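A structural walkthrough
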Amino acid sequence: MYAGGQRGSQPRVDLSEFGVYKTPEYRVRLIAPATSPYDEVRDRLPGVIAKGLSDIGAPAHVTGGATYDPGDTTNYTEAASQLPKDTDVAVAVVPREEEADETDLFDDPHPELKRRLMRRGMPTQMLEKPTAENLVDTRPAPSEHTFVNILSAIATKAGATPWMVADFPGTCDAFLGLDVSRKNGKNAGASASVVLPDGAMFAAEFTTFQDGETFRAEDLNTIVRDLVFDFAADHDHSIDHLTIMRDGKISEDVEAIREGVDSLDVDVDLVGVRKSGQPRVGHWKGDGWRIADKGVAFIDDDRDRAVLHSWGMPDCGEELATGTPKTVGIRKHSGPTDIATLTEQSYWLSEMHYGSPARSTRLPVPIKYADKAAQYVREGYADKNSIIEGPAYL
């Protein structure tokens, strides 16, 4: 569902036709190299982005903001510090990563610009030089695959809701995606993100484990308090029904998870979502079997399990159809919601990746964003055990 309650099924084209569901007023500023090969990008890219955002119904004040000289990392720290405080999203143009790796002439600006801007509370949209030049040279339509992803991510990081699912199934108030990271075959940390049924992203958090430590009940209890109850209370949201989605084989940690939420006065569904080793669903067409399309699921009510085709034809197009559909296994471990509703919720949550209108995700976004939050912490863009507000990690 988009602006004015208009409905569609293809965000890539619907955004320019109907406009984003909801958007604030916001400022976008460009940070780019000061060298001559970037002159045209610095001059013309703000206008291209401003027009694109306007075309999808998320207009913004887009201007230049700061420049940097490719060289030592301290140059990037200084440039990121000079961006005005009222910047809501920074679009940072950087050289190709390979260019920095292949020469000793300058350090790669990408990590330091992103790290410093995140520390200042400014989400970033990073563009490598070839992408920025292509946008300036071609001025693509806002429905073009790469451009629509960029526009949607910028608007979302500024606080917009590009689209939402109309008539979302079930009664759940919030979905918590839980991902346990592994390193050298051992648990290395746990991350979580909270997504509301309308697709709004609250926050994410990551905590590290000691070497080989198992997932503990107190870890989840802390994450749930931080992300669900404390954060929701700050935003006037009541959470009476929570669904926890665990990436992978949930049986490894199910008792710890149950213990972690046992003291909470809230209905809890506990669901495992697995990618590996899943079969595909067959569809009988009267004269033979064929592989079912995206959006089809096989539900086993007796065993509280399902196989879901979360990505594939017809949405992906023939050029990307090889190896599709992509499937996930859904297993209900406990809770009041039936497996059919949980599977339907999982499907619609896979359609809520605002960083990619051109292509939905295979996993429900609460799990996908938990994994991205963990990556953010590992790369130094946020501190462990700190709350990452909003969708900065898109």
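Residues numbered from 1 in each chain as written. Predicted model: local features only at pLDDT ≥ 70, side-chain atom pairs only at ≥ 80, totals over all residues. Heavy atoms only, no water.

Topic: the nonpolar core
Quick note on the threshold: Put simply, buried Ala, Val, Leu, Ile, Met, Phe, Trp, Tyr and Cys residues joined by side-chain atoms within 4.5 Å make one nonpolar core. Under the scheme applied here, a residue whose accessible area is under 20% of the maximum for its type counts as buried, over 50% as exposed, and between as partly exposed, the area being computed with a 1.4 Å probe on protein chains only. Numbered from the N terminus, helices here are DSSP runs of H or I no shorter than four residues, and strands are runs of E no shorter than two. The contact rule is simple, with two residues in contact once any of their heavy atoms fall within 4.5 Å.
Formed by 57 residues in total, the largest nonpolar core has its most connected members in Y26, V28, L45, L53, V93 and I154. Sorting elements by how many residues they give to this core places helix α7 (residues 145-157) first, with six residues. Not counting the four nearest positions on each side in its chain, L53 is found in contact with Y26, V28, A58, P59, A60, V62, L151, I154 and A155. Counting 22 residues, the second-largest nonpolar core is a separate cluster that includes L220, L264, V268 and L270.

Structural notes on helix α10 (residues 339-350)
Going by this rule: Multiplying 1.5 Å by the helix residue count minus one yields the expected span of that helix. Pairing of N or O atoms within 3.5 Å defines a polar contact, subject to two protein rules: one partner must be a possible hydrogen donor and the other a possible acceptor, and residues neighboring in sequence count only if both atoms are side-chain atoms.
For α10, spanning 12 residues, the distance from its first C-alpha to its last is 17 Å, which sits close to the expected 16 Å at 1.5 Å a residue. I339, T341, L342, T343, Q345, S346, Y347, L349 and S350 are the residues of α10 that are buried. If you check the start of α10, you find a side-chain oxygen 3.1 Å away from the backbone N of A340, and it comes from D338.

Looking at the sheet that holds strand β4 (residues 124-128)
Definition in use: Strands pair, by our definition, only if DSSP identifies at least two bridges between them. Throughout, an axis means a line fitted to C-alpha atoms (over the contacting stretch in the case of helices), and angles, computed between N-to-C directions, take values from 0 to 180 degrees.
Read across the open sheet, the four strands follow the order β2-β1-β3-β4; overall the sheet is parallel. What marks the edges here is a single partner per strand, and that holds for β2 (61-68) and β4. Neighbour-to-neighbour, the strand axes of this sheet turn through a mean angle of 20 degrees, independent of strand direction. As paired elements, strand β1 (residues 27-33) and β2 share seven bridges and run parallel to each other. Bridge pairing in β2 links R27 to H61.

Looking at the pairing of strand β8 (residues 241-247)
As a general feature of sheets, a regular strand has side chains that alternate between the two faces. Of all seven residues making up β8, seven are buried, and the element is well covered by its neighbours. The two faces of β8 match: H241, T243, M245 and D247 on one face and L242, I244 and R246 on the other face are all buried. Here β8 runs beside strand β9 (residues 267-274); their pairing, made up of seven bridges, is parallel. In the strand pairing of β9, L242 is matched with V268.

Thoughts on the environment of M201
Mapped onto the elements of the fold, M201 is located in strand β7 (residues 201-208). Residue classification places M201 among the buried residues on the basis of a relative accessible area of 12%. Measuring from C-alpha to C-alpha, the distance between M201 and G159 comes to 9.6 Å, with 42 residues separating the pair along the chain.

It is worth stressing that arrangement in space is one thing and function is another; only the former is reported here.
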